[in-house]
Each structure stands twice: as C-alpha cells, then as structure tokens.
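Chain residues, written in single-letter form:
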Amino acid sequence: MSATTAAPGRPRRLRHRAAGPLFVAPFLILFLLLFLAPLGYAAYLSLFQQRLIGGTVFVGLDNYVTALKDPLLLHGVGRVALFFVIQVPLMLLLALAFALALDSGLLRLARVIRLGIFVPYAVPSVVAALMWGYLYGRDFGPFAQLSRKLDLPTPHFLGDGWMLGSLANIVTWEFVGYNMIILYAALRTIPQDLYEAAAMDGAGAWRVAWSIKLPALRPALLLTLLFSVIGSFQLFNEPSLLMKIAPDVISSSYTANLYAYSLAFTGNQVNYAATVSFLLGLVIVIASYAVLLTANRRRAR
C-alpha cells in the first residue's frame, strides 16, 4: 500500500527539483554569453600586443605594467574619482531630500512632482548631454545671451575650470529621480506601527525622519551608492559628446572609459584598450568593496 502511494509522488518531486534550474537557465546563459565570455576575451586580448614586426605576440603582463605607468590613464582615473567625490554626495542628498519630502505627505500634487523629478532619467543620456551642451554654449546658449543682456561676464561652463562641475550637473539632473524612486520605495515599506508609536511618544516630523526613516534607508542608500560608484567610473556619454563642443578641454583621455574607447576605435590599439578596460573594472571592484567594507564597519559599531 505504501509503495503504491509513494511511487506517484516521486516523479512530481523530481519535476519540482528540475523546475528551479530551468527557470534560472535563461539568466545563466545570457550571463555567460553577454558578460563572462566578453570578459574572458578581453582578458585574453590584454595579454597580447600587436607589433609592426612579428604581428601579434604574447607579452604577458607587459600591457598592465605599461598601463599602471600611463599618465593619461592615471589622470583620467583621478579625474573620475574627483568627479565621484563632488557629484555623488550632492546627487544622493537631493534624492534623499525629495524622497523624504514626498513621503511626508505635506506636498500638494505629490504624484506630479514625483513624475517631474523622475522624467529626466527617462531622457537618454545622449539627448541630455546635447541639450545641456546647448544651454552651456558661450556663443549661442541662453545663459550666455542672458548674461550679455544684463551686461554681466559670460559664464564659461565649458571651460577648463568649469567642465567637471558642468558634467556633474548633467549627471545629477539625469539620476536624481532614479535614486529618489529607490529611496521613496524603501520609505513606503516602513511599518506604519513605528509611526504610530512615535506619535504616541510625542515625536515630531524631524525626529521621525532622523530616528525612523534614515535608519530604515541605510540599505537603500548603500545600494544607490554602489550604483553611483559603478556609474561614475564608467562616465562616457557626457564627456564624449561635449568633446565635440569643447575639444580643447575634453581630450580623448578625459576619463578612463573614454580613453579605452579612443584606444580601441581611434588608435587601433585593441590589446592595450582591453588592458585599460580590465584595470578600470578592477578599480570599480576595489572602490565598491571599499564602500561595502566601510558601511559594514559602521553598522557593526
């Protein structure tokens, strides 16, 4: 009796066990084809060098030694690191302020405001860079025209001293809404019981925000910070497009990502470009790990 009842259940259990790998298989296949395979091929290319005499030869880690001494690459990474230090804190503070304001329930037309803040993220970065490039223009931009009408000095937003701040403004305009949505969604998951208990204790809006909302937002803030680390060190579209307007300020090595692109598609140095790309990925991994390590140490305290 027991044998006959157990037999039909065994194929069902086997089907259940096979369902998990089948659901995960599409992701694993795409991950292998679109991420691991190109990464492995780039690592393979970085170990070779194309020479006029002898063709493509195996050089081991010589490309990496050259890249670590390359002033153009080092300056590009340093410039992007400075961009990260300036732009990311400002962007996340704005996103946090907007998220808290929307969650407070005190704003009128909150849905319209939320949509208005998020809309710039829906604008492609290429379009955003072109639009802001027009606004920044010293000869034809509206800011320059307004300054001339008011007999004020024309701001040189695309000058050497202003360029990094101008790029930071574009990226902030694009991604404040994206980060705000993440933080706002995290705020909406806070249990209502905490707010009711705080109200019974006589806590005001500022006290609730400081003692309840901000601690609950730590995982979401860490997530947005990690995304910002990756995005900042991969900065490409904005300087690539503004380079056409300000070629004297933005060179082909202005950022590390732009430098790798220029090496591969302009300088025809595919092997060295793969090396630069691999080192840039390593920098992103180290920076992300440093952020996670710092956050975990603060949480442990």
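Structure: see above.
Quantities reported herein were computed from a predicted structural model and do not represent experimental measurements.

Moving on to the overall build of the protein. Across its full length, the protein holds 13 helices and two strands. Its C-alpha atoms give the protein a radius of gyration of 26 Å, clearly above 19 Å, the size a compact globule of 301 residues would have. Reported as C-alpha extents along the three principal axes, the dimensions of the protein are approximately 80 × 65 × 40 Å. By sequence separation, contacts in the protein at least 24 residues apart represent 66% of the contacts at least 6 residues apart. When the accessible surface of the protein is totalled, it reaches about 18,900 Å², and 68% of it is carbon and sulfur.

Here the focus is the environment of I29. Turning to its location among the elements, I29 is positioned in helix 1 (residues 2-45). Owing to a relative accessible area of 49%, I29 belongs among the partly exposed residues under this scheme. Between the C-alpha atoms of I29 and V119, which are 90 residues apart in sequence, the distance is 33 Å.

The next point concerns unusual backbone geometry. For L109, which is not glycine, the phi dihedral falls at a positive 55°. If you trace the backbone, L109 turns up in the loop between helix 3 (71-104) and helix 4 (110-122). If you check the backbone angles, D151 has positive phi at about 55° while not being a glycine. The class of D151 is exposed, set by a relative accessible area of 69%.

For the rest of this paragraph, the subject is the packing of helix 7 (residues 163-187) against helix 11 (residues 237-245). Axis angle and axis distance: for two packed helices, these are the angle between their axes and the distance between the axes, and together they describe the pair. Where helix 7 meets helix 11, the axes come as close as 10 Å, and the angle between the chain directions of the two elements is 130°. The pairing of helix 7 with helix 11 is recorded here as oblique in orientation. Helix 7 and helix 11 meet at a crossing whose hand is right-handed. In this structure, helix 7 uses M163, L167, I170, V171 and E174 to contact helix 11, whose residues at the interface are E238, P239 and L242. Classifying every residue of the contact of helix 7 with helix 11 by side-chain character gives six nonpolar, no polar and two charged.

A word on the nonpolar core. Core analysis: the largest hydrophobic core is formed by 44 residues, its most contacted members being L73, L183, L217, F233 and V276. Secondary structure elements with two or more residues in this core: helix 2 (62-68), helix 3, helix 7, helix 8 (192-200), helix 9 (205-216), helix 10 (218-233), helix 12 (256-265) and helix 13 (270-300). Broken down by element, the residue count for this core peaks at ten residues, all from helix 3. Apart from the residues lying within four places of it in its own chain, the contact partners of F233 are V77, V80, A81, L280, V283, I284 and A287. Core analysis: the next-biggest nonpolar cluster, separate from the first, contains 21 residues, M163, V171, L242 and V249 among them.

Rules and cut-offs
Residues numbered from 1 in each chain as written. Predicted model: local features only at pLDDT ≥ 70, side-chain atom pairs only at ≥ 80, totals over all residues. Heavy atoms only, no water. Helix = DSSP H or I, 4+ residues; strand = E, 2+ residues; numbered from the N terminus. Rg over C-alpha atoms; globule rule 2.2 N^0.38 Å. Contact = heavy atoms within 4.5 Å. Areas by Shrake-Rupley, 256 points an atom, 1.4 Å probe, with all protein chains shown as cover. Buried < 20%, exposed > 50% of the residue type's maximum accessible area, 1.4 Å probe, protein only. Axes fitted to C-alpha atoms, helices over the stretch in contact; angles between N-to-C directions. Parallel < 35°, antiparallel > 145°, perpendicular 65-115°, else oblique. Left-handed = near helix turned anticlockwise from the far one by under 90°. Nonpolar A, V, L, I, M, F, W, Y, C, P; charged D, E, K, R; others polar. Core = buried A, V, L, I, M, F, W, Y, C linked by side-chain atoms within 4.5 Å.

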